[in-house]
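# Structural features, examined
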Amino acid sequence: MWVWLLRRIGQVLPTLFILSILIFGLQQLMPGDPALILAGEERGDPQVLAQIRAELRLDRPIHEQYLYWIGNVLTGDFGFSWRIRMPVSQLILDKLPVTAQLAAMSFIIAVLIGVPAGILSAVKRDQPADWAANAVALFGISTPNFWLGIMMILFFSVELGWLPPSGYVPLTEDFWQSIATTIMPAFVLGTGVASVLMRHTRAAMLTALSQDYVRTARAKGLRERMVVWKHALRNALIPVVTLGAIEFGRLLAGAVLTEQVFTIPGFGKLIVDAVFNRDYPVVQGVVLATALIFVLLSLVADLLYMAINPRLRQA
Amino acid sequence: MKTMIRAALAAFGVLAVAAAPASAQHLRIALKEDPDILDPTLSRTFVGRIVYAALCDKLFDINEKLEIVPQLATGHRWEDPRSLIITLREGVRFHDNEVMDAEAVRYSLLRHLTLQGSFRRSEIADMESVEVIDPKTIRIRLKGPSASFLAALTDRAGMPVSPKAAEALGRNFGTRPVCTGPFRFVERVAQERIVGERFPEYWDARNIHLARVTYLPIPDNTVRLANLQSGAVEFAERMEPDDIKTIQRSRNLRAVAVDELGYQSISINVGNGERANTPFGRDARIRRAFELAIDRTAVNQVVYEGMYVPTRQPFPPASPFHVRDFPPTARDLPRAQALLREAGATLPITVEMTVPNNPDLRQVGEVIQAMVKEAGFDLRLRAMEFASSLQAAARGEFETYLVGWSGRTDPDGNIFSFSRTGGGQNDGRYSNAEVDKLLDEARTELDVAKRQALYARAARIAFGEDLHRIYLWHRKNIMAHSARLSGYRPIADGLVRLQGVRLQ
Amino acid sequence: MNAPAITMGESPARRALKRFFRHKLAVFGLVVVVAFVLIALLAPFIAPYDPLQTSWTRIRKPPSAEHWFGTDENGRDVLSRVIWGARASLMAGVISVLGALFIGVPLGLLAGLIGGWVDGLISRVADAMLSVPFLILAIALAAFLGPALENAMLAIAITASPVFVRLARGMALDAKSTDWVEAARALGNPPWRIGLFHVLPNIIPPLLVQASLAIAEAIIAEASLSFLGLGQQPPAPSWGSMLNSAQRFLTQAPWLSIMPGLAIFVVVLAFNLVGDGLRDALDPRADRK
């Protein structure tokens, strides 16, 4: 077990290495001269452009740029943002709590809604409860986040005045205020993920309920509820765990539109702004940080598989 | 379950109280974008200048009529066309309590020239040397006469920074700027907020009625408005024309439409590489037909509720250099078709237009597309993300490019680098020796009337005959604020000056 | 549920079809999907107006007898745009998800069944790709391949595939440990055979669910791509790009966002119903209940 864990952790490095090459390669493919965009309205001055290129080593060959960057990263230096001159590590540390809090809250909402709804609709299959749950779930996934977000702001903030329309207050500063600023975006993000979890839980439960051992258990006269919970749910959780890990990871970096609407800048907004401004050190640093979290999440998912399916442990 | 609901409701009750406005003395301003670095030498964005209005005073400022007025200076005088004497206000202190004197001003001006990565170098390129005459007087010697030099000192180039702080922080000065403005920098959280608190030693403290100012970047327009409506901010800059109605319906809000110094235009590739070698790029008559097929007023009506001012030139109506008898052309389809026949063009003429991915510009593209179709143009729109479009334009990978400019106080900043041969933003590589001569002359002409005539002639050739760029309209900055706020002075540069602003 | 006895000698495909058509909701879903495909194909004949015809006198008019879905910011008929938009959106939704399935599932099965360094490599690359922002890939591809709907579909397929890799891998790992796969392996079946005949049928349900959900995401993703210069270019409509331009008028002209939004919802619902029906039809154990 410990050997396995160590080996898995050892695999983190190759992932990050592949990723760093991938990102550097894609940046090369991207049009848009960073010097032009960084120069802003001063871009008319060729001297300014040349100076930016020299300073940011954009005039060097790509492999040299990569080696320079990776060398610094290995010593713990992620460089600084080209656009606002803040250290990338500071930006990451600033945004990590926001992103983590938002992702965790959304995920809790998603699990609380998605998993029970999935179980319910599997158990009550082809009954009104099932249809209702499905319709709501699919509505959740086909509703664009920006639409739901703006509607919620207009209703809860402008009409009712209950919640602040946007912005973020850290948990450590004021607990309730922090929850107040994150509850709406967490809900918007959570409903999308809840739909995914609901549909997968339902499908997996249906499969599990038709498996031999569940039917055997039923035949043995175990109480229906016991059957559902003990046997079926355990198997139903496998795709949910896989999807859960991926969706949680997506919540970290992919919540761009929601972050934008609620002006809760986390990793998603940081990356998007950095891409649009061609602020490559920020792109590279943040992507690396998200990748690290992703890999850790997939590790957790694998551990959970083992907890769910004891037979895997021998494999 | 019931207790849970009750608990949840109670929690909401707490939140509702917590969401109430912070303090009557605290002004919160919603910005459209997050500013870049806050160092007057290194910053580049328009939005950053809005924040400088609180943090950094300038030697000169501009007023409602776009006239240059003293701010940290008390006056100026030209000894001769190459030598400028500036007298400084006494008793001005930096936020670190250092005294702002002639030495500090000299230091700050030279910093623009020496600091690595400076963006001010071209603005004060005419400066040869700075001499300290006495603690409150400096003399600036220029390499040659310059009509636009003083105007440069009304912006970032004219912001003195504390030499002590600038020396200590070097290129990281922008993370903790120390200037002379009415508010002192407190903190910045990237993409979230920039906070300033009242600087008690401010030289004009009696005009400052606020204790604190916070700038919040809120890019989404609807959300910026929602923040204003729910009282989470008191001021929001650059709203959409569509919002004016909503704002006017509310008793608690006010909207002000301020003329902008810039413009929206279609830049045409007439000489940059292969893509210029089309009938459209070669023949001015075809471009004129294109212009005549566009109904500027109608586009403006459809997309901007008729708020913007149609134009044919880069100089806004508020500027003394606006060419009075050069009105925008009206739509004239028969003439457009006649011109196309005269040019012997085979219809339809295919033209590609690069459009940055901004929702209203995309709509402008679609409207123009429908209009010019009637004259015989097949306009293909190419939506592109902004950074990509800039590079495509610079490399000549475009036929036409829908692009705007935020504008400058001095007319030179609105035309020179766009229409002069070799100009840095002359993406279409337009080149006309006569225009070049006129623009060069206008740079050094100190007499306003003569300078005006030079620009008028240049505009008539470059935009009236050669049509290397088709100007569409001058935009407006739509500012919205709470009715509790008073004392805001709308000035065409789009800045939010805090002097005189009060909150009830 | 009591299924009628199945006559011996019927092929599994026939039995699956029968099971599918017994599922009323699934049939309903199929009818809706077919209807939308027909709408897309027959757009020139069904659409009441030219979807590109602008009119400056009827901008953002609410739904009326003349314009059932109202008019948009350029005075174009929203109903006609929804009808024409079905083409781009269905293609973006369906083809890109199929692409993602074809890329993702075989790789995931390989990783799960073979394990070892193959699993290591595939999983690491999938992890890495999951953390590459969609935007970077989209902008890079837009520049590299040029603006076209097919390229947008390619970009969506590439970015959606790691999810299928992970899903297939997780299910394969689980299936590998089951008795019947172990038995098959003991009998000397090669891994590809095990993958194709023993594991794949068992992982179909979650794949179907994910694929029918991914269609919704793909339709919406096409919109952000067309905005970046990949995908449908203006003024040609797609539901996603209609939603995008409606964002400016959420409160002033709500029908601009509701109509294409509703179209997406109905199509996604239909695909999910069909997915559910397929799932039941392909489940080898379904008859034994």
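Calculation notes
Residues numbered from 1 in each chain as written. Chains lettered and ligands numbered in written order. Predicted model: local features only at pLDDT ≥ 70, side-chain atom pairs only at ≥ 80, totals over all residues. Helix = DSSP H or I, 4+ residues; strand = E, 2+ residues; numbered from the N terminus. Buried ≥ 20, exposed ≤ 12 C-beta atoms within 10 Å, placed from the backbone. Contact = placed C-beta atoms within 7 Å. Nonpolar A, V, L, I, M, F, W, Y, C, P; charged D, E, K, R; others polar. Core = buried A, V, L, I, M, F, W, Y, C linked by C-beta atoms within 7 Å. Pairing = 2+ DSSP bridges. Axes fitted to C-alpha atoms, helices over the stretch in contact; angles between N-to-C directions. pLDDT = per-residue confidence, 0-100. Right-handed = clockwise from strand over helix to strand, strands pointing away. Arc of directions from axis to C-beta.

### Things to note about the overall build of chain A
- Within chain A, the secondary structure is distributed over 14 helices and zero strands.
- Each helix and strand of chain A, placed in order from N terminus to C terminus, yields the pattern α-α-α-α-α-α-α-α-α-α-α-α-α-α.
- Summarising its shape, the C-alpha atoms of chain A cover approximately 85 × 55 × 35 Å along the three principal directions.
- Each of the 315 residues in chain A was classed as buried or not, and the buried ones make up 52%.
- Considering only residue pairs separated by 6 or more positions, chain A has 69% of its internal contacts joining residues 24 or more positions apart.

### Here's the deal with the interface of chain C and chain B
- Counting residues at the interface gives 20 residues for chain C and 19 residues for chain B.
- Looking at the side of chain C that touches chain B, the elements with two or more residues in it are helix H6 (134–145) and helix H9 (191–227) of chain C.
- Split into classes, the residues belonging to the side of chain C that touches chain B amount to 10 nonpolar, eight polar and two charged.

### Details of the nonpolar core
- Ile271(A), Ala293(B), Leu137(C), Ala168(C) and Leu207(C) are the most contacted members of the largest nonpolar core, which totals 336 residues.
- The element contributing the most residues to this core is helix H4 (residues 78–114) of chain C, with 19 residues.

### Brief notes about the interface of chain C and chain A
- At the interface, 47 residues of chain C touch 48 residues of chain A.
- Sorting the residues of the side of chain C that touches chain A by element identifies helix H5 (116–131), H6, helix H7 (149–176), H9 and helix H11 (255–282) of chain C as the ones contributing at least two each.
- A breakdown of the residues in the side of chain C that touches chain A according to their chemical character gives 29 nonpolar, nine polar and nine charged.

### Overview of the sheet that holds strand E6 (residues 127–134) of chain B
All names here are of chain B.
- Spatially, four strands are ordered E4-E5-E7-E6 in an open sheet, and the strand pairing comes out antiparallel. Looking at which strands have only one partner, the edges of the open sheet turn out to be strand E4 (73–80) and E6. Taken over all neighbouring pairs, the strand axes of this sheet differ in orientation by 20° on average, direction set aside.
- Relative to strand E7 (residues 137–142), strand E5 (residues 83–88) is paired through five bridges, and the arrangement is antiparallel. Among the inter-strand pairings, Ile 85 is bridged to a residue of E7, identified as Arg 139.
- Strands in contact with helix H3 (residues 102–114) are E5, E6 and E7; relative to E6, the strand with the most contacts, it is inclined by about 170°.

### A short note on the confidence of the model for chain A
- Mean pLDDT for chain A: 82, with 92% of residues reaching 70 or above.
- Within chain A, the element-level pLDDT minimum falls on helix H10 (residues 212–219) of chain A, averaging 67, and the maximum on helix H6 (residues 88–123) of chain A, averaging 89.

### Regarding unusual backbone geometry
- Omega for the bond connecting Leu347(B) with Pro348(B) falls within 30 degrees of zero, at -10°, which places this linkage in the cis form.
- Position of Pro348(B) relative to the elements: it lies in the loop between helix H11 (333–342) and strand E15 (349–356).
- Positive phi outside glycine occurs at Arg85(A), with the angle close to 65°.
- By secondary structure assignment, the location of Arg85(A) is in the loop between helix H5 (62–74) and H6.
- Of note in this structure, Leu467(B) is not a glycine but carries a positive phi near 45°.
- The topology assignment puts Leu467(B) in the loop between helix H16 (448–465) and strand E18 (469–474).
- Since 22 C-beta atoms lie within 10 Å of it, Leu467(B) is described here as buried.

### Section: the sheet that holds strand E16 (residues 377–384) of chain B
Residues and elements named next belong to chain B.
- Read from one edge of the open sheet, six strands run E14-E18-E13-E17-E15-E16, paired in mixed fashion. Across the chains shown, the open sheet's two edge strands, defined by having one partner strand only, are strand E14 (309–310) and E16.
- Pairing of strand E13 (residues 263–268) with strand E17 (residues 400–405), which is carried by six bridges, proceeds in the antiparallel orientation. By the bridge assignment for E17, Ser 265 is matched with Val 403.
- Contacts from helix H12 (residues 359–373) reach E15, E16 and E17 within the one sheet, and its direction differs from that of E16 by about 170°.
- Docked against the sheet, helix H13 (residues 386–394) engages E15, E16 and E17, running at close to 130° with respect to E15.

### Some remarks on the pairing of E15(B)
Residues and elements named next belong to chain B.
- Counting buried residues along E15, six of its eight residues qualify, which places the element largely inside the surrounding structure.
- Pairing of E15 with E16 involves eight bridges; the strand directions are parallel. Paired with Glu 352 across the two strands is Arg 380, which belongs to E16.
- With respect to chirality, the unit in which E15 leads through H12 into the neighbouring parallel E16 is right-handed.
- As paired strands, E15 and E17 are joined by two bridges and run parallel to one another.

### A word on the environment of Asp72(C)
Residues and elements named next belong to chain C.
- Along the chain, the position of Asp 72 falls in the loop between helix H3 (43–46) and H4.
- Sequence spacing of Asp 72 and Leu 109 is 37 residues, and the spatial spacing of their C-alpha atoms is 47 Å.
- The contact partners of Asp 72, leaving out residues within four places of it in the chain, are Arg 60, Val 78, Arg 81 and Leu 256.

### Here we look at the confidence of the model for chain C
Residue and element names in this part refer to chain C.
- Mean pLDDT over chain C works out to 82, with 92% of the residues at or above the 70 mark.
- Counting interchain partners and residues more than four positions distant, the pLDDT-below-50 stretch residues 1–8 has five contacts.
- Taken over the whole predicted complex, pTM reads 0.85, whereas the ipTM for its chain interfaces reads 0.80.

### Regarding H11(B)
Residues and elements named next belong to chain B.
- Within H11, the full set of buried residues consists of Ala 336, Leu 339 and Leu 340. Seen along its axis, H11 keeps its buried residues to an arc of 100°; they face one direction. Relative to its buried face, H11 has exposed residues pointing more than 90 degrees away, namely Pro 334 and Glu 342.
- Its buried side turned inward, H11 meets helix H9 (284–293).
- Trailing H11 by a residue or two, Gly 344 shows a phi angle of about 65°, which is positive.

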